[in-house]
Amino acid sequence: MPVLTPPKKMGTVPIFWREAGPGVSDGPIAPSYNARMENHLLAPPRLPLVAPSILSADFGHMAEQCQGVFLAGADLLHLDVMDGHFVPNLTMGPDMCAGLRRAFPEATLDVHLMVTDPGQYLEPFAKAGATHLTWHIEVVSPEESRELAERTRALGLSAGVALNPPTPKERIDPYLEHCDMALVMSVNPGFSGQSFIAEVLESTRHIREACGYSGRVQMDGGVKPENARSCVEAGCDVVVAASAIFKQPPERWGDVVRALRGETQVSVG
Ligand code: DX5
Ligand code: ZN
């Protein structure tokens, strides 16, 4: 098993590795950790933010892959948590989040809970060092969501809600006022590598224009350099991408991140 060592050159990327050793991998993470961190969701250096979803990363080299996307210019890491009930897949849990927190103490860890009972996981993910938690409006009422958001903020994290492509866009309206971010799913959740459902751009416009929402709006699913601009024009300021980044060789990741952000016109196929 490879031993993680600090990279030789960190540049200006806000990543700090710790040497593996006694106490580093086992100790609890301070609940106040997030209060000390820069949160790119709430204080972005520039927009749109680019959020690689680690679902398409090589799980055998996770820390190295995440270091690679940060060095390529990514702003935060998106963790897709699936419980096998809300979606037909199982992925990762708080231990993955805690491991990434130990490897990247300053990173923004954006946890997308595709689970039927999000309330069960607020404290475990807060303890694991998550920065932000998003749950789905398909599984909680607006009142339940407000309570979840209050609990989440009390733990020092920001809060968000997501809606699936088939869900009528107006259903998100009563949730927006208690959330820092809205996540618009542009594929049916469960797997990376699916095709972008362009109809959800209308949901994004609804959130921005009809609701006047001023929090972050995230597009998640099938986002690629070819369609990222349409997401931003519809009102998104965070773009999530799994396969568009991790299915390319690492030497292309910088090009992909810049193209997703709209800094280049390059089409990365
Ligand atoms: C889908 C997840 C997405 C997914 C995106 O259920 O919520 O975050 O990983 O994968 P791509 O970008 O490959 O569609
Ligand atoms: Zn996601």
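Higher on the page you've got the structure.
Residues numbered from 1 in each chain as written. Chains lettered and ligands numbered in written order. Predicted model: local features only at pLDDT ≥ 70, side-chain atom pairs only at ≥ 80, totals over all residues. Heavy atoms only, no water.

Chemist: Residues and numbers for the environment of Asn-164, please.
Modeler: Tracing the chain through its elements places Asn-164 in the loop between β5 (158-163) and α6 (173-176). Through-space distance from the C-alpha of Asn-164 to that of Val-200 is 8.9 Å; in sequence the pair is 36 residues apart. Excluding residues within four positions of it along the chain, Asn-164 makes contact with Phe-86, His-136, Glu-138, Met-185 and Pro-189. A polar side-chain atom of Asn-164 sits 3.4 Å from a polar atom in the side chain of His-136. (Helix = DSSP H or I, 4+ residues; strand = E, 2+ residues; numbered from the N terminus. Contact = heavy atoms within 4.5 Å. Polar contact = N/O pair within 3.5 Å; in protein donor to acceptor, adjacent residues only side chain to side chain.)

Chemist: Just give me the short version of the pairing of strand β2 (residues 77-82), but keep the residues and values in it.
Modeler: For β2, the tally of buried residues reaches six of six residues, placing the bulk of the element in the interior. What you see with β2 is no split at all: Leu-77, Leu-79 and Val-81 on one side and His-78, Asp-80 and Met-82 on the other are buried throughout. Pairing of β2 with strand β3 (residues 109-114) involves six bridges; the strand directions are parallel. Each residue of the ladder has a partner; that of Val-81, found in β3, is Leu-113. Following the chain from β2 across helix α3 (residues 94-103) to the adjacent parallel β3, one finds a crossover that is right-handed. (Buried < 20%, exposed > 50% of the residue type's maximum accessible area, 1.4 Å probe, protein only. Pairing = 2+ DSSP bridges. Right-handed = clockwise from strand over helix to strand, strands pointing away.)

Chemist: I'd love a proper account of the coordination of the zinc ion (ligand 2), names of residues and values included.
Modeler: Within the protein, the atoms that donate to the zinc ion (ligand 2) are His-78 (NE2), Asp-80 (OD), His-112 (ND1) and Asp-220 (OD), at distances of 2.0 to 2.3 Å. Given six donor atoms and angles of 67 to 169° at the metal, the environment of the zinc ion (ligand 2) is assigned as octahedral. Between the donor residues of the zinc ion (ligand 2), the gaps in sequence give the motif H-x1-D-x31-H-x107-D. Within this pair, whereas Asp-80 is found in strand β2, its partner His-112 is found in strand β3, the two being separated by 32 residues in sequence. Both residues of the pair, Asp-80 and His-112, belong to the buried class. (Donors = N, O, S within 2.8 Å, 3.2 Å for Na, K, Ca; no water. Tetrahedral: all angles 85-135°; square planar, octahedral: opposite > 155°, others 65-115°.)

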